[in-house]
Amino acid sequence: MKRGSDITVNDMAKDTANDTAATAKRTPPPPFIVRSPKGAQSAFIFAAPHSGRHYPDSMIRAAKLSPHLLRMSEDAYVDRLFATAPARGASLLIATNARAYLDLNRGEAELDPDMFRPVLDADSLDVTHRVKAGLGLIPKLVAEGITIYEDSLPAREAFHRINNVYRPYHDKLRALLEARRNQFGHVVLVDCHSMPSEMPSARRRNRNMGPDIVLGDCWGASCARELTSLAEELLIGAGFSVRRNVPYSGGFATQHYGAPNKGYHALQIEISRNLYMDETTLEPLACFDEIEGKMAWFTDMLTREFARRIPAQSGKDIPRAAE
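First things first, this report covers the structure right here in the doc. (Residues numbered from 1 in each chain as written. Predicted model: local features only at pLDDT ≥ 70, side-chain atom pairs only at ≥ 80, totals over all residues. Heavy atoms only, no water.)

**Digging into the overall build of the protein chain**
Phase 1 of the analysis: Each helix and strand counted, the protein chain has nine helices and 12 strands in total.
Phase 2 of the analysis: Looking at the protein chain as a whole, 53% of its 323 residues qualify as buried.
Phase 3 of the analysis: A separation of at least 24 residues holds for 82% of the contacts in the protein chain among residues at least 6 apart in sequence.
Phase 4 of the analysis: Carbon and sulfur atoms form 52% of the exposed surface of the protein chain, whose accessible area is close to 14,300 Å². (Helix = DSSP H or I, 4+ residues; strand = E, 2+ residues; numbered from the N terminus. Buried < 20%, exposed > 50% of the residue type's maximum accessible area, 1.4 Å probe, protein only. Contact = heavy atoms within 4.5 Å. Areas by Shrake-Rupley, 256 points an atom, 1.4 Å probe, with all protein chains shown as cover.)

Below, the structure written as structure tokens:
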């Protein structure tokens, strides 16, 4: 089984061509792509768990939605917004499979037992509020009221997706984090996402609408306060409106990997989609390059400034967020 590949060439045009070819051949991609740091490494790992564009044949056959509707939960183009991270010494981990196929920002046991036949043993699962809302490890919905499947899925399908996509991705993420933690004494995971705008994009000119970006640090539990404050300061400096933890305080990755007292810092970034894409057609807006440039500047400054303010040291010496 392919477990991923290390790619160092940042060539978006080539990526697009490869994606098109893979789709045409219906050849399953590896479960993730890693873009390795160029030059001197930093303590940062950027991850894009929801920007995958591969929809396996088995899913398309089972789904009752059109290919376009299946993409409604996709964090489209987020991997491109952070594509410069390797040039700043960070690793960039990119999921290849679609979020609607399997949500990598969930725990392995967050499954709805009734989605499968035979029904899964509920006692062995973690039926969280996210699962009950239809947004578990294997999602039932792509958006509120939009159900993916007509019928139940075979139980073996859950195990197939976990074994071939979920575990390889998280094994790789864990290995990257541990290696960088051992090297620097601390490591920073920036988990990169997009969010639906709070209001129709036609009214976006009213700056009293929802924020451009939400930073999630699990209410101060997943990273040093210095990291969240620095990220907020830089994003505001880039011209974005920023809010902390509302309505996204941090998903599974932030909660699971963030342990600042042990030197593991995890920060979630949610970028409003109508900043850079049409939420109906899912196409990039004319201003995409401008937003991409701002996020490249943010990525550069975040890695530089955090390294300057928090030099390599043990995790216990880094200030924690307020309890």
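**Some words on the side chain of Asp217**
Phase 1 of the analysis: In this structure, Asp217 sits in the loop between strand E10 (213–216) and helix H7 (225–237).
Phase 2 of the analysis: Buried Asp217, no salt bridge; nearest opposite-charge side chain is Arg244, N-O distance 4.7 Å.
Phase 3 of the analysis: One polar contact links Asp217 to Asn245, side chain to side chain, over a distance of 3.0 Å.
Phase 4 of the analysis: What Asp217 contacts, discounting residues up to four positions off in sequence, is Ser222, Cys223, Thr228, Asn245, Ser249 and Leu267. (Lys, Arg positive; Asp, Glu negative; His and termini not counted. Salt bridge = Lys/Arg side-chain N within 4 Å of Asp/Glu carboxyl O. Polar contact = N/O pair within 3.5 Å; in protein donor to acceptor, adjacent residues only side chain to side chain.)

**What to know about the packing of H7 against helix H9 (residues 288–309)**
Phase 1 of the analysis: For the pair H7 and H9, the least separation of the axes is 10 Å and the interaxial angle reads 145°. Note on packing geometry: the crossing formed by H7 with H9 is right-handed. Here Glu226, Leu227, Leu230, Ala231, Glu233, Leu234 and Leu235 of H7 come into contact with H9, specifically with Met295, Trp297, Phe298, Met301, Leu302, Glu305, Phe306 and Arg309.
Phase 2 of the analysis: Partitioned by chemical class, the residues of the contact of H7 with H9 number 11 nonpolar, no polar and four charged. (Axes fitted to C-alpha atoms, helices over the stretch in contact; angles between N-to-C directions. Left-handed = near helix turned anticlockwise from the far one by under 90°. Nonpolar A, V, L, I, M, F, W, Y, C, P; charged D, E, K, R; others polar.)

**Some details on H7**
Phase 1 of the analysis: An ideal rise of 1.5 Å per residue puts 18 Å on 13 residues; H7 measures up with 18 Å between its terminal C-alpha atoms.
Phase 2 of the analysis: Among all positions of H7, only Leu227, Thr228, Leu230, Ala231, Glu232, Leu234 and Leu235 are buried.
Phase 3 of the analysis: Once H7 ends, the next one or two residues include Gly239, with phi positive near 100°. (Expected span 1.5 Å × (residues − 1).)

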